Amino acid sequence: MAVMVSLPLLATSGVASAKAAKGCHKTHTCKSGGGSPTGSGTGTDPAPMTVQIDPNPAVETSGSAIDVIQVETNPSFAGDLIDISSSQFAASCQFFAGYDTGYDIKIVGPPFPDDIEVPLDDDGNVTVLIGGTGCAPGSSVVDASLVEAPYYTALATIVTLPPVVTTPGLYGYPNSSGTVTGGEVETGDTSAPGDGSFVFAVFNVETNPVYAEQTVEISSAQLQARCGTDWVFGSFGGDESFGAGATVNAFSPATATTTLDDDGNAQFYFAGSSCAAGSSVVTTDVEAGNHPTYTTTFTVLSPQPTI
């Protein structure tokens, strides 16, 4: 399964600018953040909207890449639709898809739609997960735009690097959100019935290339229990493990598996709903040789305005 969710590479946070607006949003005053695709701005006001991509830059793993895209703006835009698109990234991959809040797969292919529309939560934030397989290395612009006036637009760049041997370890993303550091801010909290908050994460496993084409598994009993409503661990081309409500403990803990590429690397994604704030230990184990094991801590922060 692939998802409109993100890839590892040097993230360039985009500052928002206002498109030519036909009118102003509700009671808001239209104004430009004075931004550019590289994130530099000349305006004196804080950027009205930003885009953060994690991991970024990203090293392509087994021909695939997965990224978390976080769009952050003012809580006054709560409930408004954001259109997130990257025709360049979609075109660079043989297969492209995405998760939005609610785990709906919005992008499949080929051929590829290259955008997804999702509502901002009550804090003015939204997070999606994107990914693709058979992706060519290079840079791709991501565009996030308010569908209604004042039509703010923020740009960022996904950088995908070719496969390469990397430093052994387990690395979780995102590890910051806007002005908030230390973890991912949960998004999706709204007053609408049936809606819930969501967490998306990407975990990169990096080990010795001597284990190329061997199986690696990932699990986190703490993170899975923290997201008691439902959760999924998975990878492009690997197995997925699901949990929901009271059945979570039946997995105790559940694991997802995939195959290490020729450089000893692999990538997993995690999606969870209604997750309790706090830190969780995540563990990976290479099922070969000396069974090297790596751990990291992933932190979920409570929903909150971030800019």
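Further up the page is the structure itself.
Enquirer: Mind laying out unusual backbone geometry, listing which residues take part and the relevant values?
Expert: Excluding glycine, residues mostly have negative phi values, and the peptide bonds linking residues are mostly trans. With an omega of 5 degrees, the peptide bond running from Asn56 to Pro57 counts as cis. Of note, the amide linkage connecting Ala149 to Pro150 takes the cis form, showing an omega dihedral of 15 degrees. Its place among the elements puts Pro150 in the loop between strand S10 (138-146) and strand S11 (152-161). Here His291, not a glycine, exhibits a phi torsion of approximately 50 degrees, which is positive.

Enquirer: Got a sec to walk through the pairing of strand S6 (residues 81-85)? Specific residues and values, please.
Expert: The element S6 is extensively covered by neighbouring structure, given that four of its five residues are classed as buried. Where S6 meets strand S8 (residues 115-119), five bridges bridge the pair, whose relative direction is antiparallel. Following the sheet pairing, Ile84 is matched in S8 by Ile116. Note: S6 against S10, four bridges, orientation antiparallel.

Enquirer: Tell me about the packing of aromatic side chains, residues and numbers included.
Expert: The description of an aromatic ring pair uses the distance of the two centres, along with the angle that the planes make with each other. Under the counting rule described, the total for this entry stands at four aromatic pairs. Three or more aromatic residues link up through ring pairs in this structure, and these residues are Phe203, Phe233, Phe270 and Phe298.

Enquirer: Report on the sheet that holds strand S23 (residues 293-301), specifying residues and quantitative values.
Expert: The strand order across the open sheet built from five strands is S15-S23-S22-S17-S20, with neighbouring strands paired in mixed fashion. Every interior strand has two partners, whereas the edge strands, strand S15 (184-185) and strand S20 (256-259), have only one. Bridging between strand S22 (residues 278-286) and S23 involves eight bridges; their strand directions are antiparallel. Bridging from a neighbouring strand, Ser279 pairs with Thr299 of S23.

Parameters at a glance
Residues numbered from 1 in each chain as written. Predicted model: local features only at pLDDT ≥ 70, side-chain atom pairs only at ≥ 80, totals over all residues. Heavy atoms only, no water. Helix = DSSP H or I, 4+ residues; strand = E, 2+ residues; numbered from the N terminus. Buried < 20%, exposed > 50% of the residue type's maximum accessible area, 1.4 Å probe, protein only. Pairing = 2+ DSSP bridges. Phe/Tyr/Trp six-rings, centres within 6.5 Å; stacked < 30°, edge-to-face > 60°.

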